[in-house]
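Examining the three-dimensional arrangement
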Amino acid sequence: MTVARVIPLRRLPSDVPWFDYLVPDGQTVQRGQFVDVSFRRRPLRGVVWSMADQSVFPHLETIQHIHEHWLTDWQLAAIEALIAEGGSPASIVASTVPPTGRRPRRTIPSRSTKSGRPASHSVPTERTWWYRERAQIVRTILDWASALSTSGIILTPTLEDADTLVEYLNRAGVPARAVHGQTTSPTYRETYALIQTTPLVVVGTWKALLLPFHEPPAILIDQEEHPAHKQSLQYPRYDTRRIVSHLNIQPIATTPAPSISWFYAHHPTPPIDERPRELGALGVPGSSHWLSSRVQDLVTTAHQKNQQLVAIVPRRGFARLIACRDCGWVLACEQCYKLLTLRRDATHHVTCSWCSHHQSIPSQCPSCQGTRWSYHGLGPEHFVDILSTFNPNITAVPAINPAVDATVYVDTYQAVRSVADLPRLAGILVISGDSLLNIPDPVAAERAWQYLNRLQATAPAIPLVVQTFQPDSDFWQRWVSHGDAAWYEHEIQDRRRLQLPPFVETWLVRYAGPNFEQTIVSKLHELTTHHGASCTVKRLPDAVSPQRTVGRLLITSTQPLRDQFDVPNEFPPPWQVDMSPSSWLE
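Cut-offs applied
Counting starts from 1 at the beginning of each chain's written sequence and moves along it residue by residue. Only residues with pLDDT of at least 70 get local features here, since the model is predicted, and only at 80 or more are side-chain atom pairs given and counted; chain-wide, interface and lining totals rely on the full set of residues. Side-chain measures were taken over the full set of non-hydrogen atoms in the model, leaving aside hydrogen atoms and water. We define a nonpolar core as any set of buried Ala, Val, Leu, Ile, Met, Phe, Trp, Tyr and Cys residues linked to one another through side-chain atoms lying within 4.5 Å. Throughout this description, buried means an accessible area under 20% of the type-specific maximum (1.4 Å probe, protein chains only), exposed means over 50%, and partly exposed covers the range between. Between two residues, a contact is recorded if the distance between any of their heavy atoms is within 4.5 Å. For helices the rule is a DSSP run of H or I covering at least 4 residues; for strands it is a run of E covering at least 2, with both sets numbered from the N terminus onward. A helix is expected to span 1.5 Å multiplied by its residue count minus one. Pairs of strands are assigned from DSSP output, requiring at least two bridges between the strands. Axis geometry follows a simple rule: fit a line to the C-alpha atoms, using only the stretch in contact for helices, then measure angles between N-to-C directions, giving values from 0 to 180 degrees. What pLDDT reports is the predictor's confidence in each residue, on a scale of 0 through 100. By definition here, a salt bridge exists when the distance from a side-chain nitrogen of Lys or Arg to a carboxyl oxygen of Asp or Glu is within 4 Å.

1. Observations regarding the nonpolar core
Nonpolar side chains in soluble globular proteins tend to end up buried together. Residues L209 and I219 are the most contacted members of the largest nonpolar core, which totals 49 residues. With near-sequence residues (within four places) excluded, L209 lies in contact with W74, A78, I153, L155, I219, I243, V244 and L247. Counting residues in hydrophobic clusters, the runner-up holds 35 residues, among them I312, L436, W476 and W487.

Following this line, the structure appears as structure tokens:
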């Protein structure tokens with residue numbers, strides 16, 4: 001008796017990896033081959049994942065038809081890498097193969113070698129391209145893709161980056177396609193078929209790794225430090241960097257500021273940096289109006305010379321909360337009672353960012369009848385008011401919009417993509433640099449360092465001014481003096497001392513199902529009892545949102561956690577296991 005473990009081409013729960021079927025007498029199947037099976041009394045196509053001599057199930061159905069189509073060895077390796085990151089085999093295979101169209105054969109077709117256009121300058125030979133200017137590294141990526149004689153993959157953090165690079169590559173004469181979560185089925189099928197006969201550069205997210213390459217492609221991870229390489233809205237939360245590491249391929253990484261784990265593993269040399277960086281001292285907290293003397297000078301000069309500035313503030317809306325100056329009473333949402341971000345319109349109404357309830361600001365405090373309000377937290381609308389008070393002649397708008405002529409464009413941290421669109425840009429202002437650091441997360445400093453470098457890489461010749469209440473701190477002094485190597489070494493020493501990644505492995509486990517409180521307490525006791533000697537389990541504060549409350553457990557170990565936990569059995573749905581959390585606040 002020969003048993004084939006078949007993964008049907010449909011999405012299944014993560015704890016159901018495959019189904020056992022008998023191989024017809026006198027026939028053979030191999031791993032990766034397509035077969036037709038009966039699934040719930042209906043014919044369904046599947047992929048043979050492995051073979052066995054026997055099955056734990058007494059009565060098995062027989063494979064109905066064996067096809068001559070296969071998944072390539074590369075696809076099988078990519079599927080294994082995704083499974084190692086907690087993915088469901090059935091869901092991965094179902095997303096690997098297009099819904100219709102011809103499947104690839106195992107035989108490798110003859111392919112012509114891509115000539116490519118001559119590179120405009122030499123391509124670096126290092127594995128880490130640590131850049132200071134985004135436009136320059138894009139040219140280097142184009143030269144790298146042009147010099148390829150086989151297929152290549154460029155993994156980008158966002159869909160916009162993928163589409164932009166494909167446009168640049170096609171314009172340079174390099175055949176390229178974009179593959180990501182928003183790719184339509186016809187486009188995916190076309191790329192799936194094309195890559196079997198033509199060397200192609202595929203640009204996109206981790207989904208690009210599942211295409212039927214006949215030999216291992218060259219891989220480039222663009223903007224390695226970008227947090228969007230780590231998915232945050234889907235489960236499993238795939239990290240493209242970890243997936244590539246499972247494929248035993250040494251990728252090339254482009255980055256304006258590598259992640260700590262990448263720096264620790266590869267020790268790249270920082271490039272020479274002479275970009276203009278400045279600090280603006282805000283004085284004592286509580287006494288500042290968010291305008292240091294340096295920022296005041298820049299705003300005045302920009303107004304006189306008809307130049308443009310970009311001011312970046314921590315959060316959207318007007319303020320995090322509104323309180324009475326006399327008694328401290330805090331204005332809350334009348335519908336959900338949350339003390340959160342408030343958005344103010346021209347009629348001085350506020351909108352709750354949680355439930356979108358619209359209400360007016362009272363003329364008097366309900367507690368003490370006071371009329372003085374204080375606004376805590378800084379949003380674009382609030383900072384526009386501050387600028388208007390400083391100089392009523394200055395035009396400030398609460399968003400970056402090149403179609404609107406203004407002196408100061410106020411936006412949130414997301415403005416990093418739009419900074420270079422302004423034609424008369426004279427300066428970039430980070431109004432509250434301390435907000436990048438004052439986050440209860442051990443990776444806050446790393447993310448702040450990466451964000452500032454990514455921001456300045458969009459316009460490296462433009463002065464970047466960061467306002468802070470602590471200009472003499474070690475972080476800001478090393479940043480303003482371009483002390484990249486010293487900062488990375490100091491951060492690595494701190495993480496080694498505090499036993500933080502990359503020196504330990506960390507999982508973030510969530511539970512969002514019914515009776516979550518009782519389930520979380522029970523699982524915490526179970527893990528502490530059975531695995532207390534080999535790992536550390538800690539309950540984190542619940543993640544609360546308007547839709548649901550999620551309980552969270554943080555598991556830390558100096559040994560591989562995969563050796564201690566059987567994920568499908570230990571954490572079945574609705575448990576969610578994030579095997580590579582980039583933040584404890586996720």
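Anyway, onward from the coordinates.
2. Some points on helix α3 (residues 134-146)
Here α3 contains 13 residues, and its C-alpha end-to-end distance of 19 Å stays within 8% of the 18 Å for a straight helix at 1.5 Å per residue. Across the 13 residues that make up α3, a large majority, 10, are buried.

3. Topic: the sheet that holds strand β12 (residues 277-281)
The strand order across the open sheet built from six strands is β12-β22-β21-β13-β20-β19, with neighbouring strands paired in parallel fashion. The strands lining the two open edges of the sheet, one partner per strand, are β12 and β19 (396-397). Relative to strand β22 (residues 464-468), β12 runs parallel, the two being bridged by five bridges. Within β22, the position partnered with A281 by the bridge is T468. Across the sheet, helix α9 (residues 380-390) lies against β13 (308-312), β19 and β20 (408-411), angled at about 150° from β20, the strand it touches most. Each of β12, β13, β21 (425-430) and β22 is contacted by helix α11 (residues 444-458), which is oriented at about 150° to β22, the strand it contacts most.

4. Remarks on the confidence of the model for the protein
In this model, the protein carries an average pLDDT of 86, and 91% of its residues clear a pLDDT of 70 or more. Under a pLDDT of 50 for its full length, residues 101-119 has, in the predicted model, 51 contacts with residues more than four places off or in other chains.

5. Brief notes about the pattern of salt bridges
One side chain can pair with another of opposite charge once the charged atoms of both are near each other. Summed over all chains, the structure comprises 27 salt bridges. The shortest N-O distance in the salt bridge between R177 and E190 comes to 3.1 Å. Taken together, the residues R177 in strand β8 (residues 176-179) and E190 in helix α5 (residues 185-194) connect sequence positions 13 residues apart. Under the relative-accessibility criterion, R177 is labelled partly exposed at 24%. R510 is the partner of D578 in a salt bridge, and the nearest nitrogen-oxygen pair spans 3.7 Å. A residue pair is termed long-range when its members are at least 10 positions apart, and D578 in strand β26 (residues 575-578) and R510 in strand β23 (residues 505-511) qualify at 68 residues. With relative accessibility at 1%, the residue D578 sits in the buried group. Residue R510 is classed as buried on the basis of its relative accessible area of 6%. Among the charged side chains, a salt-bridge network with shared partners connects E85, R242, E505 and R562.

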